[in-house]
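The residues making up each chain are set out below.
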Amino acid sequence: VEGLKPAMILALGEKGVKTMDDLGDLAGDELREIVGADHMTESQANTVIMAARAGWFAEEDNKAASA
């Protein structure tokens, strides 16, 4: 996901955040706590989380289109 550096990804993995769904399940403050609040603003955290959730909306759109 754009906005995450290798060290941040490592920190996420160490906390059990290993998939896009795991990342999408986080709140902005949780993401900042894991990667270090000094490395990411709340706005940046929310942008990363919404990017991780993008697949969720695509799946819903595909289900609606085929219904």
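Residues numbered from 1 in each chain as written. Predicted model: local features only at pLDDT ≥ 70, side-chain atom pairs only at ≥ 80, totals over all residues. Heavy atoms only, no water.

## Details of the environment of Val-1
Tracing the backbone shows Val-1 in the segment before α1 (6-14). Considering only alpha carbons, one finds Val-1 and Ala-51, 50 residues apart in sequence, at a separation of 7.0 Å. When sequence neighbours within four positions are dropped, the list of residues in contact with Val-1 reads Met-20, Leu-23, Val-48 and Ala-51. (Helix = DSSP H or I, 4+ residues; strand = E, 2+ residues; numbered from the N terminus. Contact = heavy atoms within 4.5 Å.)

## Some details on helix α3 (residues 28-35)
Listed in full, the buried residues belonging to α3 are Gly-28, Leu-31 and Val-35. Buried residues of α3 fall within an arc of 65° about the axis and therefore sit on the same side. Remark: Gly-36 follows α3 within two positions and exhibits a positive phi of approximately 105°. (Buried < 20%, exposed > 50% of the residue type's maximum accessible area, 1.4 Å probe, protein only. Arc of directions from axis to C-beta.)

## Concerning the packing of α1 against α3
Contact pair α1 / α3: the axes reach a minimum separation of 8 Å and the direction vectors enclose 105°. With respect to each other, α1 and α3 are oriented roughly perpendicular. Contact residues: Met-8, Ala-11 and Leu-12 in α1; Leu-31, Ile-34 and Val-35 in α3. For the contact of α1 with α3, the class distribution of residues is six nonpolar, no polar and no charged. (Axes fitted to C-alpha atoms, helices over the stretch in contact; angles between N-to-C directions. Parallel < 35°, antiparallel > 145°, perpendicular 65-115°, else oblique. Nonpolar A, V, L, I, M, F, W, Y, C, P; charged D, E, K, R; others polar.)

## Looking at the layout of surface pockets
Estimated volume of the largest pocket: approximately 170 Å³. The wall of the largest pocket is formed by Val-1, Glu-2, Gly-3, Lys-5, Met-8, His-39, Met-40, Gln-44, Thr-47, Val-48 and Ala-51. Each residue belonging to the lining of the largest pocket can be placed in one class, and the counts come to five nonpolar, four polar and two charged. (1 Å grid on protein atoms, 1.4 Å probe; cavity = no way out; pocket = protein on both sides within 12 Å on 5 of 7 lines; lining within 4 Å. Points joined across faces, edges and corners; volume = space filled by probe spheres on them.)

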